[in-house]
Amino acid sequence: MFITFEGIDGSGKSTQAHLLRDTLVAQGFDVILTREPGGSPGAEEIRSLVLEGDPDRWSAETEILLFTAARRDHLERTILPALAKGKVVICDRFADSTRMYQGLSRGDLRGIVDQLHNIMIGREPDLTILIDMDPAIGLSRAKSRQTSEERFEDFGQALQEQMRRGFLSLAREYADRFHVIDGGRSQSEVASDIATLVQEQLV
Ligand code: ADP
Ligand code: TYD
């Protein structure tokens, strides 16, 4: 089973992906936890190219190519081999993030994102957990982290609001695999909802 976490920066994806991994491992499942951009040696190198440096470093179109190149390598070398061995794959962000960030934030490039996805990726998750929350809270959580990966974090609350609406609309577009979870609660409350949801899907 291929499970992805999506949502705005600071919504708790990484925290919840780790907690879900621990829960499933304790239940005896063979699990790998991975992330995007990254998740394979080559894709981690591309991660530094896209997340560090000047915000104007890449055009929107070049950025789509870079994220898709990273995803293709991640899929070939990490995700598909793990799924072939029967593992549960948990991934912190995947193609829905490109549909949102590259597809929406600098003009309407969703058509290009989708075309490239169809040619080069062509795989959707079995289950996508969207952690939805107030962008002001997400941004303050994200800003409290010390990191050099800040190309996107300077874009501010207006972008976060736009991404939140976009993710909710994507959840309606792909209603068969998306589940929206209220992230504005304690870590354990959010984790418990996610564990119940995944349990239902795994049975
Ligand atoms: P994301 O991966 O979505 O950017 P993280 O899981 O890294 O989010 O969480 C961002 C910050 O918020 C971290 O410092 C984390 O400890 C904290 N955090 C995560 N979930 C919660 C929660 N439910 N309540 C309060 N703080 C949280
Ligand atoms: P991530 O490390 O998940 O950041 P956060 O924990 O703050 O959510 O992702 C870093 C940034 O990369 C994030 O701002 C979203 C952006 N991103 C894209 O723009 N496109 C993509 O396809 C992906 C996977 C991430």
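What you see is a predicted model; the values in this text were computed from it and never measured. Per chain, residues are indexed from 1 in the order of the written sequence. Lettering for chains starts from A, numbering for ligands starts from 1, and both go in the order in which the items are written. It should be noted that, the model being predicted, local features are given only for residues of pLDDT at least 70 and side-chain atom pairs only at 80 or more, the latter also being counted only at that level, while totals for whole chains, interfaces and linings use all residues. The side-chain quantities take in all heavy atoms of the structure and omit both hydrogens and water.

*Asks:* I'd like a description of unusual backbone geometry, backed by residues and values.
*Replies:* Backbone torsion omega between Glu36 and Pro37 reads -10°, so that peptide bond is classified as cis. Only runs of H or I of at least four residues qualify as helices and only runs of E of at least two qualify as strands under DSSP, and these elements are numbered from the N terminus. Relative to the elements of secondary structure, Pro37 occurs in the loop between β2 (31-35) and α2 (41-51). One non-glycine residue with positive phi stands out, namely Arg93, at about 75°. Position of Arg93 relative to the elements: it lies in the loop between β3 (88-92) and α4 (95-104). Relative accessible area decides the class of each residue, using a 1.4 Å probe on protein chains only: under 20% of the type maximum gives buried, over 50% gives exposed, and in between gives partly exposed. Residue class for Arg93 comes out buried when judged on its relative accessible area of 11%.

*Asks:* Account for the UniProt feature "binding site: ATP" (unreviewed entry) in the chain, with residues named and values stated.
*Replies:* Per the UniProt record, "binding site: ATP" (unreviewed entry) is found at Gly7, Ile8, Asp9, Gly10, Ser11, Gly12, Lys13 and Ser14. Its place among the elements puts Ile8 in the loop between β1 (2-6) and α1 (13-26). The exposure class assigned to Ile8 is buried, which follows from its relative accessible area of 2%. Any two residues whose heavy atoms approach within 4.5 Å are treated as being in contact. Every residue in contact with Ile8, bar those within four places of it in the chain, is listed here: Lys13, Arg93, Tyr101, Met133, Asp134, Pro135, Gln160, Met163, Arg164 and Phe167. Mapped onto the elements of the fold, Ser11 is located in the loop between β1 and α1. Discounting residues that sit within four places of it in the chain, Ser11 has contacts with Ile131, Met133 and Arg141. Under this definition, polar contacts are N or O atom pairs within 3.5 Å; protein pairs additionally need one hydrogen-donor-capable and one acceptor-capable atom, and for neighbouring residues in sequence, both atoms have to be side-chain atoms. In this structure the side chain of Ser11 is engaged in a polar contact, spanning 2.7 Å, whose partner is the backbone oxygen of Ile8. UniProt positions are given in the numbering used here, feature names are shortened, and annotations may be inferred rather than shown by experiment.

*Asks:* Would you mind going over the sheet that holds β1 in detail, with residue names and values included?
*Replies:* Here, a strand pair is defined by DSSP locating no fewer than two bridges between the strands. An order of β2-β3-β1-β4-β5 is seen for the five strands of this open sheet, with the pairing classed as parallel. Lying at the two open borders of the sheet, with one neighbouring strand each, are β2 and β5 (178-182). With strand direction ignored, the average angle separating the axes of adjacent strands in the sheet is 20°. Pairing between β2 and β3: five bridges, direction parallel. In the strand pairing of β3, Thr34 is matched with Cys91. Here the axes come from fitting lines to C-alpha atoms, over the contacting stretch only for helices, and the angles between their N-to-C directions go from 0 to 180 degrees.

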